[in-house]
Amino acid sequence: QKLILTRGKLPWSIGVPEGEFLAEFAQSQGIDPSKILLTEIVQNTNDEAKAISKMLPKNSEIILVTSAFHMPRAEKVFQNQNLKVTPYAVDFRSLEKKIDIMDFLPQAKAFKDSNFYFREIIGRAYYDFRY
């Protein structure tokens, strides 16, 4: 019925918020602009959930689209805002490759992946404690 996109933007980000970019893309794919809603500027998952809950009646049913890795935390945060969540996970991360000697040497990508992982785990622990 409606496509709600969040205007995620960190204070140090450059460019338009991601929701505005995605709204243009959705329109280019034939989505009626009157069906697209944008939130206020938000900086994290909790801000996104609060902004969306302000736009909808209490106990509204939503389909939450986010990365599979982030879904457990996001689902909990959105449910805490009195939204009935149907999760739709995307961006699954998997790797099918043969292990070789290079897998045991330090790599910049490994540091990036570790950062991604630990940030998500810290976020999950925070929201487990908070909610």
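No experiment lies behind these values; they were computed from the predicted model shown.

Helix and strand counts for the protein stand at four helices and four strands. The secondary structure elements of the protein, listed N-terminal to C-terminal, are β-α-β-α-β-α-β-α. Dimensions of the protein, computed from C-alpha atoms along their principal axes, come out at roughly 55 × 40 × 30 Å. Taken over 131 residues, the protein has a buried fraction of 26%. Here the analysis covers contacts within the protein between residues at least 6 apart in sequence; of these, 56% occur between residues at least 24 apart. In the structure as shown, the protein presents an accessible area of about 9,800 Å², 58% of it carried by carbon and sulfur atoms. Taken together, the 18 basic and 16 acidic charged side chains of the protein have centroids lying 4 Å from each other.

This part takes up the nonpolar core. With eleven residues, the main nonpolar core is built from Ala49, Ile52, Ile62, Leu64, Met71, Ala74, Val77, Phe78, Leu83, Val85 and Tyr127. Elements with a contribution of two residues or more to this core: helix H2 (45-55), strand E3 (61-67) and helix H3 (71-80). It is H3 that provides the largest number of residues to this core, a total of four residues. Contacts of Phe78, omitting those with residues within four sequence positions, involve Thr45, Glu48, Ala49, Ile52, Ile62, Leu64, Leu83 and Val85.

Assignment of secondary structure puts Thr6 in strand E1 (residues 3-8). With relative accessibility at 13%, the residue Thr6 sits in the buried group. There is a polar contact of 2.9 Å between the side chain of Thr6 and the side chain of Glu48. Not counting residues within four places of it along the chain, the set of residues in contact with Thr6 comprises Glu18, Gly19, Thr39, Val42, Glu48 and Ile52.

The subject of this paragraph is the pairing of E1. Sheet faces and side chains relate simply in a regular strand, where the side chains alternate between the two faces. The sheet contact formed by E1 and strand E2 (residues 36-42) spans five bridges and is parallel. In the sheet register, Arg7 faces E2, and the bridge partner there is Ile41. In terms of handedness, the path from E1 via helix H1 (residues 18-28) over to E2 forms a crossover that is right-handed.

Here the focus is the layout of surface pockets. Approximately 1,800 Å³ is the volume found for the largest pocket. Of all the secondary-structure elements, those providing two or more residues to the lining of the largest pocket are E1, H1, H2, E3, H3 and helix H4 (108-130). With seven residues, the single largest contributor to the lining of the largest pocket is E3. For the lining of the largest pocket, the residue count by class is 24 nonpolar, 15 polar and ten charged.

Rules of the game
Residues numbered from 1 in each chain as written. Predicted model: local features only at pLDDT ≥ 70, side-chain atom pairs only at ≥ 80, totals over all residues. Heavy atoms only, no water. Helix = DSSP H or I, 4+ residues; strand = E, 2+ residues; numbered from the N terminus. Buried < 20%, exposed > 50% of the residue type's maximum accessible area, 1.4 Å probe, protein only. Contact = heavy atoms within 4.5 Å. Areas by Shrake-Rupley, 256 points an atom, 1.4 Å probe, with all protein chains shown as cover. Lys, Arg positive; Asp, Glu negative; His and termini not counted. Charge placed at Lys NZ, Arg CZ, Asp CG, Glu CD. Core = buried A, V, L, I, M, F, W, Y, C linked by side-chain atoms within 4.5 Å. Polar contact = N/O pair within 3.5 Å; in protein donor to acceptor, adjacent residues only side chain to side chain. Pairing = 2+ DSSP bridges. Right-handed = clockwise from strand over helix to strand, strands pointing away. 1 Å grid on protein atoms, 1.4 Å probe; cavity = no way out; pocket = protein on both sides within 12 Å on 5 of 7 lines; lining within 4 Å. Points joined across faces, edges and corners; volume = space filled by probe spheres on them. Nonpolar A, V, L, I, M, F, W, Y, C, P; charged D, E, K, R; others polar.

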